[in-house]
There are 2 protein chains.
Amino acid sequence: MDSTPRVKMEDVARTAGVSVATVSKVVNGRYGVAQATLTRVQEVIDELGYEASLGARSLRSHRTNVLGILVAEFEPFSTELLKGASSAVGSTGYELLAYSGGGRGADVGWERRYLSRLSGTLIDGAIIVTPTVVEANTGVPVVAVDPHTGPTGLPTVDSDNFAGAVLATEHLIGLGHRRIGFLGGRLDLESARLREDGFRKAMDTAGLPVDEALVAVGGYRPETADGPARVLLGRADRPTAVFAANDLSAIQVMAVAVELGMTVPDDLSVIGFDNVPESALASPPLTTINQPLQEMGAEALRLLVDLIDGKERSTHLRLPTELVLRASCAPPRH
Amino acid sequence: MDSTPRVKMEDVARTAGVSVATVSKVVNGRYGVAQATLTRVQEVIDELGYEASLGARSLRSHRTNVLGILVAEFEPFSTELLKGASSAVGSTGYELLAYSGGGRGADVGWERRYLSRLSGTLIDGAIIVTPTVVEANTGVPVVAVDPHTGPTGLPTVDSDNFAGAVLATEHLIGLGHRRIGFLGGRLDLESARLREDGFRKAMDTAGLPVDEALVAVGGYRPETADGPARVLLGRADRPTAVFAANDLSAIQVMAVAVELGMTVPDDLSVIGFDNVPESALASPPLTTINQPLQEMGAEALRLLVDLIDGKERSTHLRLPTELVLRASCAPPRH
DNA sequence: ATGAAAGCGCTAACAA
DNA sequence: TTGTTAGCGCTTTCAT
């Protein structure tokens, strides 16, 4: 069933009547091969459809021209970054390898494990998305996107989470809301902390007290946001508006609201964060805070390439956030 | 600058005072290791943060528990598939490795090259997205999504492109359009051919002639669709509606229309195909044909896993398409 | 200009 | 139970 086993360098060598060493030289464009030999070997390569095994090659050469993007899971956030990185890689000559575990929020420390698994052999450098265990000591250059610690240690790309959260909260307040709930993100991520800080700052500035009973942790994922959302909206003195720390949990909040018989935005205003494409698809379309995710992916990739090339650069890039008005927020009905 | 070089099995062995073979046994859970040894080695592994190199391991063992998804580029279509595959991989125990070249539509034969590069070593099986050169003879099991040849050779997952195209065309006709343009996809893809067939079929059924001057090739990408779109809309007898063979080119058609001073849908109706999230973000939101991309990704992954496990299964999965009404189509103004 | 041989980090027989 | 010995497919000195 398995049919033809891969054609390997040895096959090419035998067919062309040369040694594997010579084939290797041809494949890698090394000097010291006669024109005639080169031509013949190249013909055999084309004919047999030979391509060097990335695994074997990288084991020996420690330079692969492949860049890694390590994510816990392929979901809207990471795939937007991927699109950005993909468009930026075009001009660099590198190829891209995105690696993810089984999903299910991947266990703690996944970033370190994936990195050791791939670095030193397969990849020349890595972008790690939302890592929590950040170690500076890795064999290869690493750039973090939206990490645990904020701008320390690793070179980092993120967006202005604090300002964005202020924007979101101010929007709700401007609409007339006073009882505003906050559904936070993953406690281990800097972005989640900054978004909560921004929320509290804006409330404070407006002279509004924060009811701690209306502050919950949603964990950035629909499944983990569901329970807290139910508790929040099930209260007798439930909020008239909820700021969810990312779009996925905001969408979940809307789903729970509908399930409890409410209408968004009439009975409840909801605002998210990220502006992943899915936010526009929700019904109603979700008002949210835009993070330039594709740009962030592209910048992370450029930063990584510069790091590999040994170019010194500012080690922290913070991109701006902005309010995106759609249909999930309205003045409170009272 | 590179700091600590990766910790390898030899380091663990030396620290624990055993041979690398023993460490290997511990890492891979093989029998024949004393409890005390196992504990000690495990401690050292944890302490040093050791993780086996995927490259080295796979070179030797030819079983990696990693599944590959090979794409030409990370764009909305492939990333939707990725999301689906990612959610399906959770329960299987496999990890996911998505590989892409530099973008720029990757040269012809990329699928074969990527496959030889990774198969035989790094991955136990692969999903190839929109391949054009389909070869049955690869070292590992392969599933194709939306391939060149249609349901021959390779196990395949696709959607009902023909029926979807009929749906799209009928929608336009039902709105009262008679001069309908068609902006086709990549000629080397079966899906593009079927979508054109569906278009012609629906026109024929409605007794409408197809003006060949209004049929162009857009190539599925914004850049390649731009020129043909300009030609189509620049004509004196331009169409009142355009069916673009995928969302990305439909969005480009709308952009060109606006640039030429038209309003969508007042002056021109546009319908797309795919229903990638981006279609909902366009202005106006794009009416389109839904392909269940995430499901397709999930099904492709399940099919691949069954193939690896040697389970026989239907080798071709065709999922249904459906019309998604948004705001880019209206009756012709006349 | 070419090939022989060593070895990258790991696993799998086989011996001890 | 453990260690020794071969490689996996490739690149890279170093002879020839």
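Just so it is clear, the structure is predicted and the values come from calculations on it, not from any experiment.

Some remarks on the packing of helix α7 (residues 161–174) of chain A against helix α8 (residues 190–205) of chain A
Pairs of packed helices are described in terms of their axes, by the angle between the two and the distance that separates them.
Residues and elements named next belong to chain A.
Then, in step 1: Relative orientation of the contacting elements α7 and α8 amounts to 40°, with a least axis distance of 7 Å. With respect to their mutual orientation, α7 and α8 come out oblique. Along this stretch, α7 crosses α8, giving a crossing that reads as right-handed. Residue-level contacts link Asn161, Phe162, Ala165, Val166, Thr169, Glu170 and Ile173 of α7 to Ser191, Leu194, Arg195, Asp197, Gly198, Phe199, Lys201, Ala202 and Met203 of α8.
Then, in step 2: Taken together, the residues of the contact of α7 with α8 sort by class into eight nonpolar, four polar and four charged.

As for the protein's contact with DNA strand D
Then, in step 1: Near DNA strand D there are 25 residues, and of these Lys8(A), Met9(A), Tyr50(A), Thr37(B) and Arg60(B) occur at the shortest range.
Then, in step 2: Backbone atoms, meaning sugar and phosphate, make up 59% of the atoms of DNA strand D lying within 4 Å of the protein.
Then, in step 3: A distance of 2.5 Å separates a phosphate oxygen of DNA strand D from a polar backbone atom of Met9(A).
Then, in step 4: Interatomic distance of 2.6 Å between a side-chain N/O atom of Tyr50(A) and a phosphate oxygen of DNA strand D.
Then, in step 5: Counting only elements with at least two residues in the surface near DNA strand D, the list comes to α2 (20–27) and α4 (54–61) of chain A together with α2 (20–27) and α4 (54–61) of chain B.
Then, in step 6: Per-element tally for the surface near DNA strand D: the top contributor is α4(A), with four residues.
Then, in step 7: For the surface near DNA strand D, a count of residues per class yields ten nonpolar, eight polar and seven charged.

Thoughts on the pattern of salt bridges
Residues and elements named next belong to chain B.
Then, in step 1: If you walk through the whole model with that rule in mind, you get 46 salt bridges over all chains.
Then, in step 2: For the salt bridge of glutamate 73 with arginine 221, the shortest nitrogen-to-oxygen distance reads 2.6 Å. Placement of the pair is glutamate 73 in the loop between β1 (66–71) and α5 (76–89) and arginine 221 in the loop between β7 (215–217) and α9 (222–234), with a sequence separation of 148 residues.
Then, in step 3: Between aspartate 267 and arginine 333 there is a salt bridge, with the nearest N and O atoms lying 2.4 Å from each other. Residue aspartate 267 is located in the loop between α10 (247–259) and β9 (269–271), and its partner arginine 333 is located in the segment after β12 (322–324); the two are separated by 66 residues in the primary sequence.

Thoughts on the sheet that holds strand β6 (residues 180–184) of chain A
Residue and element names in this part refer to chain A.
Then, in step 1: Overall, parallel pairing links the four strands, which are arranged β7-β6-β8-β9 in an open sheet. Since the sheet does not close on itself, it has two edges, and those belong to β7 (215–217) and β9 (269–271), each with one partner. On average, adjacent strands in this sheet sit at an angle of 20° to one another, irrespective of strand direction.
Then, in step 2: Two elements, β6 and strand β8 (residues 241–244), share four bridges in a ladder whose sense is parallel.

Quick look at the protein's contact with DNA strand C
Then, in step 1: In the vicinity of DNA strand C there are 24 residues, among which Thr37(A), Arg60(A), Lys8(B), Met9(B) and Tyr50(B) approach most closely.
Then, in step 2: Each atom of DNA strand C within 4 Å of the protein was classed as base or backbone; sugar and phosphate made up 62%.
Then, in step 3: In this structure, Ser19(A) approaches DNA strand C through a main-chain N or O atom, which is 2.8 Å from a phosphate oxygen.
Then, in step 4: Side-chain polar atom of Arg60(B) to a base oxygen of DNA strand C: 3.0 Å apart, as the coordinates give it.
Then, in step 5: Going through the elements one at a time, α2 and α4 of chain A together with α2 and α4 of chain B are the ones with two or more residues in the surface near DNA strand C.
Then, in step 6: For the surface near DNA strand C, the per-class residue count stands at ten nonpolar, eight polar and six charged.

Quick word on the interface of chain B and chain A
Then, in step 1: Counting from both sides, the interface comprises 54 residues of chain B and, opposite them, 54 residues of chain A.
Then, in step 2: In total, chain B and chain A occlude about 4400 Å² of area from one another, counting both sides; carbon and sulfur atoms represent 54% of this.
Then, in step 3: Between chain B and chain A we count six salt bridges in total.
Then, in step 4: Residue Arg117(A) is joined to Glu51(B) by a salt bridge in which the shortest nitrogen-to-oxygen separation is 2.4 Å.
Then, in step 5: On the surface where chain B and chain A come into contact, there are 23 residue pairs in polar contact (both at pLDDT 80 or more).
Then, in step 6: For the side of chain B that touches chain A, the secondary-structure elements that each account for two or more residues are α4, α5, β2 (95–100), α6 (110–118) and α11 (277–281) of chain B.
Then, in step 7: Considering every element that reaches the side of chain B that touches chain A, the biggest residue donor is α5(B), with seven residues.

Some details on the relation of the copies chain B and chain A
Each copy of the chain is related to the other by a rotation around an axis and a translation along that axis.
Then, in step 1: Mapping chain B onto chain A leaves a residual RMSD of 0.1 Å; the transformation is a rotation of 180° accompanied by 0.0 Å of translation along its axis. Expressed as an axis order, the relation between the two copies is that of a two-fold axis.
Then, in step 2: Both copies contact each other with a shared surface, as 100% of the interface residues of chain B are interface residues in chain A too.

Here's the deal with a nonpolar patch on the surface
Then, in step 1: A cluster of nonpolar side chains, contributed by Leu167(A), Leu323(A) and Leu325(A), occupies part of the molecular surface with about 240 Å² of accessible area.
Then, in step 2: The residue Leu167(A) is located in helix α7 in this model.

Considering the pairing of β1(B)
Along a regular strand, successive side chains alternate from one face of the sheet to the other.
Residues and elements named next belong to chain B.
Then, in step 1: Among the six residues in β1, six count as buried, and that is most of the element.
Then, in step 2: In β1, alternate side chains face the same way, and those of Val66, Gly68 and Leu70 on one face and Leu67, Ile69 and Val71 on the other are all buried.
Then, in step 3: Pairing of β1 with β2, which is carried by six bridges, proceeds in the parallel orientation. Across the sheet, valine 71 pairs through a bridge with serine 100, a residue of β2.

Looking at the packing of aromatic side chains
Then, in step 1: A complete count under the given rule lists eight aromatic pairs over all chains for this structure.
Then, in step 2: Ring geometry for Phe182(B) versus Phe199(B): centroids 5.0 Å apart, planes at 20°, classification stacked. Within this pair, whereas Phe182(B) is found in strand β6 (residues 180–184), its partner Phe199(B) is found in helix α8 (residues 190–205), the two being separated by 17 residues in sequence. Here Phe182(B) and Phe199(B) have matching classes, each one buried.
Then, in step 3: These aromatic residues form a ring-pair network of at least three members: Tyr99(A), Trp110(A) and Tyr114(A).
Then, in step 4: Positioned above the aromatic ring of Phe273(B) is the side chain of Arg195(B), whose terminal nitrogen or guanidinium carbon lies 3.9 Å from the ring centre.

Some remarks on the sheet that holds β9(B)
Residue and element names in this part refer to chain B.
Then, in step 1: Here four strands make up an open sheet; going across it, the order is β7-β6-β8-β9 and the pairing parallel. Looking along the sheet, the strands with just one partner apiece sit at the ends: β7 and β9. Each adjacent strand pair in this sheet contributes to an overall mean axis angle of 20°, direction not counted.
Then, in step 2: Pairing of strand β8 (residues 241–244) with β9 involves three bridges; the strand directions are parallel.

Observations concerning the pairing of strand β4 (residues 142–145) of chain A
Residues and elements named next belong to chain A.
Then, in step 1: Because side chains alternate across β4, one face comprises the buried residues Val142 and Ala144, and the other comprises Val143 and Val145, equally buried.
Then, in step 2: In terms of strand pairing, strand β3 (residues 125–129) meets β4 through four bridges, oriented parallel. Pairing of isoleucine 127 across the sheet is with valine 143, part of β4.
Then, in step 3: Where β4 lies against strand β5 (residues 156–159), two bridges are found, and the strand directions are parallel. The residue bridging alanine 144 from the neighbouring strand is threonine 156, located in β5.

Concerning the UniProt feature "domain: HTH lacI-type" (unreviewed entry) in chain A
Then, in step 1: Taking the numbering used here, the UniProt-annotated feature "domain: HTH lacI-type" (unreviewed entry) corresponds to residues 7–61 of chain A.
Then, in step 2: Taken end to end, residues 7–61 of chain A comprises 69% helix and 0% strand; its first and last C-alpha atoms sit 20 Å apart.

Calculation notes
- Residues numbered from 1 in each chain as written.
- Chains lettered and ligands numbered in written order.
- Predicted model: local features only at pLDDT ≥ 70, side-chain atom pairs only at ≥ 80, totals over all residues.
- Heavy atoms only, no water.
- Axes fitted to C-alpha atoms, helices over the stretch in contact; angles between N-to-C directions.
- Helix = DSSP H or I, 4+ residues; strand = E, 2+ residues; numbered from the N terminus.
- Parallel < 35°, antiparallel > 145°, perpendicular 65-115°, else oblique.
- Left-handed = near helix turned anticlockwise from the far one by under 90°.
- Contact = heavy atoms within 4.5 Å.
- Nonpolar A, V, L, I, M, F, W, Y, C, P; charged D, E, K, R; others polar.
- Near = heavy atom within 4 Å.
- Polar contact = N/O pair within 3.5 Å; in protein donor to acceptor, adjacent residues only side chain to side chain.
- Salt bridge = Lys/Arg side-chain N within 4 Å of Asp/Glu carboxyl O.
- Pairing = 2+ DSSP bridges.
- Buried area = accessible area lost by both parts, 1.4 Å probe.
- Least-squares fit on C-alpha atoms with pLDDT ≥ 70 in both.
- Patch = residues over 30% accessible without salt bridge, like charges linked within 9 Å, V, L, I, M, F, W, Y side chains within 5 Å.
- Areas by Shrake-Rupley, 256 points an atom, 1.4 Å probe, with all protein chains shown as cover.
- Buried < 20%, exposed > 50% of the residue type's maximum accessible area, 1.4 Å probe, protein only.
- Phe/Tyr/Trp six-rings, centres within 6.5 Å; stacked < 30°, edge-to-face > 60°.
- Lys NZ or Arg CZ within 6 Å of the ring centre and 35° of its normal.
- UniProt positions renumbered as here; feature names shortened; annotations may be inferred.

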